[in-house]
Amino acid sequence: MALRLPPAPFRHHSATQSLTMKTQFLTKSSSSPRLPKFSVRNVSSDTSRKLVTKVKEKLEKDHSSLPTGKNGRDDEELILWFLKDRKFSVEEAISKLTKAIKWRHEFRVSDLTEESVRRVAATGKSYVHDSLDINGRPVLVVVPSKHIPEMFDRLEDERLCVFLLEKALSRLPQGKEEILGIFDLRGFGTQNADLKFLTFLFDVLYYYYPRRLGQVLFVDAPFIFQPIWQLAKPLVKHYASLVRFCSVEDVRKEYFTESTVPLSFRK
């Protein structure tokens, strides 16, 4: 006959004991190691170099017809820039980078000079400020009230836009990666509205100059600008989150010193 052991007595835990056990369990669970999130910040310089090399090799193998040299398929600084933008995904960086290099070649960015955009630049509707802002960023100033969409051929306006972006980026101090954009909206009217050009500007920033625009200031925007901005917001993608509506006084006090503020914003 089999020997039967008496059942173990059921132990009833008090509410305090139950809470203590639950707390211990949660504490152990929360203390377990977590996998770090993959981001630009936790990518080591050694890993970055390896990924840059990998992109270079793949571009040479699969896109050998792309130009080389400055802003070409073997430009390591440019490759790293796009890797950062694509969170170090090699395939995504290559996809975006190849389109950017092709665009630069087709748009003939390297051929743009002060002389080639002189006629449009003379309107004063956009320029690169001589001084950096207090955060060490080059400053691109746009004055929409001086922009009349029908005055020039659209390509001329686009060339000026790209030329000034290149000029601003060429002034980046060591260790800086972003520029500041200021839209001086004083005097803006419906005759100055140009959604097509605004779309071109932000498309260029998104596809060909990613992560280069740190902030956009809309200064003294008149009431008439509000409905236009509501139409434009979906077109400018995530750049809408970089926009700050502010006053001339804000620009003077928060972004420049008395000696570096642009002349048009001085008292």
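What counts and how
- Residues numbered from 1 in each chain as written.
- Predicted model: local features only at pLDDT ≥ 70, side-chain atom pairs only at ≥ 80, totals over all residues.
- Heavy atoms only, no water.
- Helix = DSSP H or I, 4+ residues; strand = E, 2+ residues; numbered from the N terminus.
- Contact = heavy atoms within 4.5 Å.
- Areas by Shrake-Rupley, 256 points an atom, 1.4 Å probe, with all protein chains shown as cover.
- Buried < 20%, exposed > 50% of the residue type's maximum accessible area, 1.4 Å probe, protein only.
- Pairing = 2+ DSSP bridges.
- Right-handed = clockwise from strand over helix to strand, strands pointing away.
- Axes fitted to C-alpha atoms, helices over the stretch in contact; angles between N-to-C directions.
- Parallel < 35°, antiparallel > 145°, perpendicular 65-115°, else oblique.
- Left-handed = near helix turned anticlockwise from the far one by under 90°.
- Nonpolar A, V, L, I, M, F, W, Y, C, P; charged D, E, K, R; others polar.

Chemist: Tell me about the overall build of the chain, residues and numbers included.
Modeler: The helix and strand inventory of the chain stands at nine helices and five strands. For the chain, the N- to C-terminal ordering of α and β elements is α-α-α-α-α-β-β-α-β-α-β-α-β-α. Once local pairs closer than 6 in sequence are excluded, the contacts in the chain between residues at least 24 apart make up 75%. Total accessible area on the chain is roughly 16,700 Å²; 55% of this is exposed by carbon and sulfur atoms.

Chemist: Which residues make up the pairing of strand β2 (residues 139-142), and what values go with them?
Modeler: Every second residue of β2 is oriented toward a common face, with V139 and V141 on one face and L140 and V142 on the other, all of them buried. Relative to β2, strand β1 (residues 126-128) runs antiparallel, the two sharing three bridges. Looking at the pairing, Y127 lines up with V141 of β2. In this structure, β2 lies alongside strand β3 (residues 179-184), joined through four bridges in parallel fashion. Of the residues in β3, the one forming a bridge with V142 is F183. The handedness of the β2 to β3 crossover, carried by helix α6 (residues 154-170), is right-handed.

Chemist: Describe the packing of helix α4 (residues 90-107) against α6, and please don't skip the residues or the numbers.
Modeler: At a closest axis distance of 12 Å, the pairing of α4 and α6 adopts a crossing angle of 120 degrees. Put simply, α4 runs oblique to α6. Of the two possible hands of crossing, α4 and α6 adopt the one that is left-handed. Listed contacts from α6 to W103, R104 and F107 of α4 are L155, E158, R159, V162 and E166. The residue makeup of the contact of α4 with α6, split by class, is four nonpolar, no polar and four charged.

Chemist: Lay out the environment of P138 in plain terms, naming residues and giving numbers.
Modeler: Tracing the chain through its elements places P138 in the loop between β1 and β2. The exposure class assigned to P138 is buried, which follows from its relative accessible area of 1%. Sequence-distant contacts of P138, that is, excluding residues within four places in its chain, are made with L132, A168, R171, L172, P173, E178, I179 and L180.

Chemist: I'd like to hear about the side chain of N71, residue by residue, with values.
Modeler: In this structure, N71 sits in the loop between α2 (45-62) and α3 (76-85). A residue is classified by how much of its surface remains accessible, and N71, at 17% relative accessible area, is buried. Non-local contacts of N71, meaning those with residues more than four positions away in its chain, are made with L78, I101 and R104.

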